[in-house]
Amino acid sequence: MPVDELRALQLKKLQTIVAYEYDRVALFRTRCDEKGVKPRDLVTLKDLARFPFMKKTDLRDQYPTGLTAAPLKEIVRFHCSSGTTGKPICIPNTKGDIEVWTDAAARSLAMYGLGDEDVLQVSYGYGLFTGGLGLHYGGEHLGCAVLPTSAGNTEKQLMLMRDLGSTAIACTPSYFLHVIEVAKKADIDFRRDTKLRHGIFGAEPWTDEMRRKIAELSGIIPHDIYGLTEISGPGVAASCPYCESETPGLHVFEDHYYPEIVDPETLDPLPDGEEGELVLTTLDRFGTPMIRYRTRDLSRLHAERCKCGRTIRVMDRIKARSDDMLIVHGVNLFPSQIETALLSVPEVEPHYQIVLTPTETLDLFEIKVELKAESFSDGISALEALRKKIFAAVKQITGLSPKITLVEPGSLPRSEGKIKRVIDNRR
């Protein structure tokens, strides 16, 4: 669609959804009134910046259905996400909401090159989490043969992958690393013993270095998919072949989800090309609309048209979240920086854990690092040299001086869902 037509469509949908939300959700109406803004004031796309933000705490504070705009008779499914603390968030969906989400998930899979000749193994968790059902319905809509393995029981996953000829797997990148590990112990070579060619990974930030490591270890093409329960689930944005091979990024399905980038501190809108916090507005969701939802994910939007021909904008891959930032010895630190440093050391496995412990003076900043089996030597001098090598790699990127603890292969926790990389004992 030509860009001017796309912008006109976005404005029309925004005007509809803002008025709908204002009429039906008390919290949104109260905040608009406090800011002195009405739905009729949304005349251009820039006017959206005059309207209030929504955030995850709003959903928790209004639990379970205080932000629901549609009546119960129109609700066909609930999804929830609890995070790690506090009340869960609850997202009621209408039949139309599910159809929009399904379409976006199917578009994503088609963008990766999947079709009705593919077997899609969905190894995200099923249930309240959006990952499993989102890609399940998207895969079926596209015509894939869907294998709903859910997460866990990895040996059986590998058996079914081989026996049923899975060509694509959808899961978290950390879980697929575990799949690779189990396959290696069973002498299963993905290139030799399976038809697996595609990995659809999301639900947690992962670096370009991790992407290359997965491709190197398995021979598959790792694809990034972006979504969040508050907006719909997987399928808000996805990567085309040009995004993956040239400038790593994802196309935002702007006809369903309107993106903005704002300064995380001032919350002022930023132009395309500048990094900030991603803010999303649902254009077609009427069960629980989200107007200017602060995702906390750090990214940027690019105005340049992609070589694939799509006119929807590309956003940078999510490598960090503003609320994942740690302050260590007065320095701002993101876990993704540690991952980048560690994966630059060939002797290291892609499994690590950051531990922060309070002391009477400076906080203890420790990184537990798994070594490859061939690198884990009894020779003290060899291990000490490797420890110094890892220390130097981390210090070069972060400027910090961590305690590096080398641990045996397989000794750090594995996860079938989202991996917990940071243990912050200061909180």
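Coordinates for the structure precede this section.
Residues numbered from 1 in each chain as written. Predicted model: local features only at pLDDT ≥ 70, side-chain atom pairs only at ≥ 80, totals over all residues. Heavy atoms only, no water.

Engineer: Before we move on, could you go through the sheet that holds strand β17 (residues 348–357) and cite the residues and values that matter?
Structural biologist: Taking strand neighbours across the sheet as the criterion, the four strands line up as β19-β18-β17-β20 in an open arrangement whose pairing is mixed. Every other strand in the sheet has two partners, leaving β19 (403–407) and β20 (422–424) as the edge strands with one partner each. Taken pair by pair, the neighbouring strands of this sheet meet at an average axis angle of 20°, ignoring direction. Here β17 pairs with strand β18 (residues 364–371) via seven bridges, running antiparallel. Bridging across to β18, T357 finds its partner in L364. Against the sheet, helix α11 (residues 335–342) makes contact with β17, β18 and β20, and its axis sits at roughly 140° relative to β17, the strand it touches most. (Pairing = 2+ DSSP bridges. Helix = DSSP H or I, 4+ residues; strand = E, 2+ residues; numbered from the N terminus. Axes fitted to C-alpha atoms, helices over the stretch in contact; angles between N-to-C directions. Contact = heavy atoms within 4.5 Å.)

Engineer: Which residues make up the layout of surface pockets, and what values do they have?
Structural biologist: Of the pockets and cavities examined, the second largest pocket occupies roughly 440 Å³. Only α7 (173–185), α8 (190–193), α9 (208–218) and β17 provide two or more residues apiece to the lining of the second largest pocket. By residue number, the principal contributor to the lining of the second largest pocket is α7, which donates six residues. A per-class count over the lining of the second largest pocket returns ten nonpolar, two polar and ten charged. (1 Å grid on protein atoms, 1.4 Å probe; cavity = no way out; pocket = protein on both sides within 12 Å on 5 of 7 lines; lining within 4 Å. Points joined across faces, edges and corners; volume = space filled by probe spheres on them. Nonpolar A, V, L, I, M, F, W, Y, C, P; charged D, E, K, R; others polar.)

Engineer: Pulling in residues and values, what's your account of the side chain of R313?
Structural biologist: Secondary-structure assignment places R313 in the loop between β13 (301–302) and β14 (314–316). Residue classification places R313 among the buried positions, given a relative accessible area of 10%. Setting aside anything within four residues of it in sequence, one finds R313 in contact with R7, L250, H251, V252, E254, Y258, P259, D272, L301 and H302. (Buried < 20%, exposed > 50% of the residue type's maximum accessible area, 1.4 Å probe, protein only.)

Engineer: Explain unusual backbone geometry residue by residue, including any values.
Structural biologist: In the segment running from Y63 into P64, the intervening peptide bond is cis, with an omega of 5°. Assignment of secondary structure puts P64 in the loop between α3 (56–61) and β1 (75–81). Unusually for a residue other than glycine, R292 sits at a positive phi of about 55°. Within the secondary structure, R292 sits in the loop between β11 (276–282) and β12 (293–299).

Engineer: Help me get a handle on the packing of aromatic side chains, residues and values and all.
Structural biologist: Aromatic ring pairs are reported here in terms of the distance separating the ring centres and the angle at which the planes meet. With the rule as written, the count across this model stands at five aromatic pairs. Considering the side-chain rings of Y124 and F129, the 6.0 Å spacing of their centres and the 55° angle between planes classify their relative orientation as tilted. Taking the relative accessible area as the measure of exposure, Y124 reaches 4% and is therefore buried. On the numbers, 5.7 Å between centres and 40° between planes, the contact of F176 with F190 is tilted. Here F176 is found in helix α7, whereas its partner F190 is found in helix α8, with 14 residues between them in sequence. Assessed through its relative accessible area of 0%, F176 is described here as buried. F190 gets classed as buried once you look at its relative accessible area, which sits at 4%. Through a chain of ring-to-ring contacts, three or more aromatic side chains come together here, namely F176, F190, F201 and W206. For R317, the ring lying beneath its charged end belongs to W206, and the centroid distance is 4.5 Å. When the ring centre of Y352 is taken as origin, the NZ or CZ atom of R421, which lies over that ring, is 4.4 Å away. (Phe/Tyr/Trp six-rings, centres within 6.5 Å; stacked < 30°, edge-to-face > 60°. Lys NZ or Arg CZ within 6 Å of the ring centre and 35° of its normal.)

Engineer: Now, about the pattern of salt bridges: what can you tell me, with residues and values included?
Structural biologist: Opposite charge on two side chains lets them pair, provided their charged atoms get close. Tallying each qualifying case throughout the model produces 25 salt bridges. When the shortest N-O distance is used, the salt bridge between D255 and R107 registers 2.7 Å. Highlighted residues: D255 in the loop between β9 (249–252) and β10 (257–262) and R107 in helix α4 (residues 95–112), separated in sequence by 148 residues. Given the relative accessible area of 16%, D255 is considered buried. The salt bridge partner of R414 is E181, with a shortest N-O separation of 2.4 Å. One end of the pair, R414, is in the loop between β19 and β20; the other, E181, is in helix α7, with 233 residues separating them in the sequence. Shared partners join several salt bridges into a network, and the residues in it are R7, E254, D272 and R313. (Salt bridge = Lys/Arg side-chain N within 4 Å of Asp/Glu carboxyl O.)

Engineer: Describe α9, with residues and values.
Structural biologist: Those residues of α9 lying buried are D208, M210, R211, K213, I214 and S218. In the stretch just after α9, G219 is the one whose phi turns positive, near 80°.

Engineer: Explain the nonpolar core to me, and be specific about the residues and the numbers.
Structural biologist: Ranked by size, the top nonpolar core spans 65 residues in total, and within it L120, I200, Y226 and M315 carry the most contacts. Tallying contributions element by element places helix α1 (residues 3–24) first for this core, with seven residues. Contacts of Y226, omitting those with residues within four sequence positions, involve G233, P234, G235, V236, A237, L250, L278, L280, T295, D297, M315 and I318. Counting residues in each nonpolar core, the second largest holds 24 residues, with L333, L386, I390 and I404 among its members. (Core = buried A, V, L, I, M, F, W, Y, C linked by side-chain atoms within 4.5 Å.)

Engineer: Any chance you could break down the packing of helix α6 (residues 154–164) against α7 for me, citing the residues and the numbers?
Structural biologist: For the pair α6 and α7, interaxial distance at closest approach is 10 Å and the crossing angle is 80°. Classified by the angle their axes make, α6 and α7 are roughly perpendicular. Of α7, the residues touching α6 (which contributes T154, E155, Q157 and L158) are Y175, H178, V179, V182 and A183. The class makeup of the residues in the contact of α6 with α7 is five nonpolar, three polar and one charged. (Parallel < 35°, antiparallel > 145°, perpendicular 65-115°, else oblique.)

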